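What follows is each chain in one-letter form.
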Amino acid sequence: LGVGAVAGSELGIRIQNELESIGKVMISSNGISLLDLVLSSLFLVLMASVTVLIWRETSSGRDYGVSTKATRALRRIRLRPVISLPRSTIASVSAWVPFSIGLGVGILTGLMGVGGGSITFPLLIYLLGVPTRMAIGTSVIQVMLASGYGALRHGSQGHVELLLVL
């Protein structure tokens, strides 16, 4: 997760820089920054997706966290290397699965500054099938890596308001 998240953070920052350089697009004769449009749309899709997943689980009374269709499909991927995550009750999974999840979250972290509890946590539960207790700690460490790298990169580009951070 961490390796993918750091690589994804770099990609997210590069995507953000590219979208910003494109400038504005016209929508109904109004100019809007392409970066703002993409970020707002992504945020809406992400929050709606997480809301639907949580609503489905709580309204049915079932615990989808350990065995969804996506979880079963991802665990069947046998692209080498295959790893075992016994503390997370995962007998075997391709290392590319958590790397890809980390990469996706890293892109969002670099692009939007999100990734911790709002993104990584539900993905670990609903996609990878990690038990909730393990997902909490794992997401904290993963987001620390991605956010730390993203903060350094954004800081080096002057995208950080230090007084506001304090």
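Residues numbered from 1 in each chain as written. Predicted model: local features only at pLDDT ≥ 70, side-chain atom pairs only at ≥ 80, totals over all residues. Heavy atoms only, no water.

### Thoughts on the overall build of the protein chain
Condition: A run of DSSP states H or I qualifies as a helix once it reaches four residues; a run of E qualifies as a strand once it reaches two. Both are numbered from the N-terminal end. Think of it in three bands: with a 1.4 Å probe and only protein chains considered, a residue is buried below 20% of the maximum accessible area for its type, exposed above 50%, and partly exposed in between. The method behind every accessible area is Shrake-Rupley, applied with a 1.4 Å probe, and residues are considered shielded solely by the protein chains displayed.
For the protein chain, the count of helices and strands is seven helices and four strands. Going residue by residue from the N terminus, the α and β elements of the protein chain occur as α-β-β-α-α-β-β-α-α-α-α. By principal-axis analysis of the C-alpha atoms, the protein chain measures approximately 50 × 35 × 35 Å. When each of the 166 residues of the protein chain is scored for burial, the buried share is 33%. Looking at the protein chain as shown, the accessible area adds up to about 9,800 Å², and 67% of this sits on carbon and sulfur atoms.

### Some remarks on the packing of helix 1 (residues 2-22) against helix 6 (residues 132-156)
Our working definition: To obtain each axis, a line is fitted to C-alpha atoms, and for helices this fit is confined to the stretch in contact; angles are then taken between N-to-C directions over 0 to 180 degrees. Left-handed describes a crossing whose near helix is turned anticlockwise from the far helix by less than a right angle; the clockwise case is right-handed. Contacts are assigned to residue pairs that have any heavy atoms within 4.5 Å of one another. Ten residue types, Ala, Val, Leu, Ile, Met, Phe, Trp, Tyr, Cys and Pro, are classed as nonpolar, four, Asp, Glu, Lys and Arg, as charged, and the remainder, Gly among them, as polar.
Between helix 1 and helix 6, the least distance of the axes is 8 Å, while the angle of their chain directions is 35°. Crossing handedness for the pair helix 1 and helix 6: right-handed. Here helix 1 contributes G2, A5, V6, S9, E10, I13 and Q16 to the contact with helix 6, which in turn contributes Q142, L145, A146, Y149, G150, R153 and H154. Residue composition of the contact of helix 1 with helix 6, by class: six nonpolar, six polar and two charged.

### Overview of the packing of aromatic side chains
Using the following cut-off: The pairing test for Phe, Tyr and Trp rings, Trp by its six-membered ring, is centres within 6.5 Å, and the orientation test on the planes gives stacked under 30 degrees, edge-to-face over 60, and tilted for anything in between.
Under the definition given, this model contains one aromatic pair. Their ring planes at 85° and their centres at 5.6 Å tell us that W96 and F99 sit as a pair that is edge-to-face. A residue pair is termed a helical-turn pair when its members lie 3 or 4 positions apart in one helix, as W96 and F99 do in helix 4 (residues 96-112) at three residues.

### Overview of the side chain of Q16
Structurally, Q16 is set in helix 1. The exposure class assigned to Q16 is buried, which follows from its relative accessible area of 13%. Not counting chain neighbours up to four residues away, the residues in contact with Q16 comprise L35, G110, L111, H154 and H159.

### Topic: unusual backbone geometry
Going from R80 to P81, the amide bond is cis rather than trans, its omega being 0°. Looking at the element boundaries, P81 is found in the loop between helix 3 (69-75) and strand 3 (82-85). Non-glycine residue S28 carries a positive phi angle of around 50°. Within the element layout of this structure, S28 appears in the loop between strand 1 (24-27) and strand 2 (30-33). With a phi close to 60°, T89 is a non-glycine residue in the positive phi region. Examined against the element boundaries, T89 turns out to sit in the loop between strand 3 and strand 4 (90-94). Look at T89 and you get exposed, because its relative accessible area is 53%.

### What about the environment of V143?
As for its placement among the helices and strands, V143 is situated in helix 6. Along the sequence, V143 and G23 sit 120 residues apart, while their C-alpha atoms lie 30 Å from each other.

### Digging into the pairing of strand 4
To be explicit about the condition: By definition, two strands form a pair when at least two bridges between them are found by DSSP.
Two elements, strand 3 and strand 4, share three bridges in a ladder whose sense is antiparallel. Looking at the pairing, I83 lines up with V93 of strand 4. As consecutive antiparallel partners, strand 3 and strand 4 are separated by four residues, and within that stretch T89 has a phi angle of approximately 60°, a positive value.

### Quick word on the nonpolar core
Under the convention used in this document: By nonpolar core we mean a set of buried residues, namely Ala, Val, Leu, Ile, Met, Phe, Trp, Tyr and Cys, connected to one another through side-chain atoms within 4.5 Å.
Counting residues in each nonpolar core, the largest one holds 21 residues, and the members touching the most others are L108, M112, I119, L128 and V130. Broken down by element, this core gets its largest block of residues, six residues, from helix 4.

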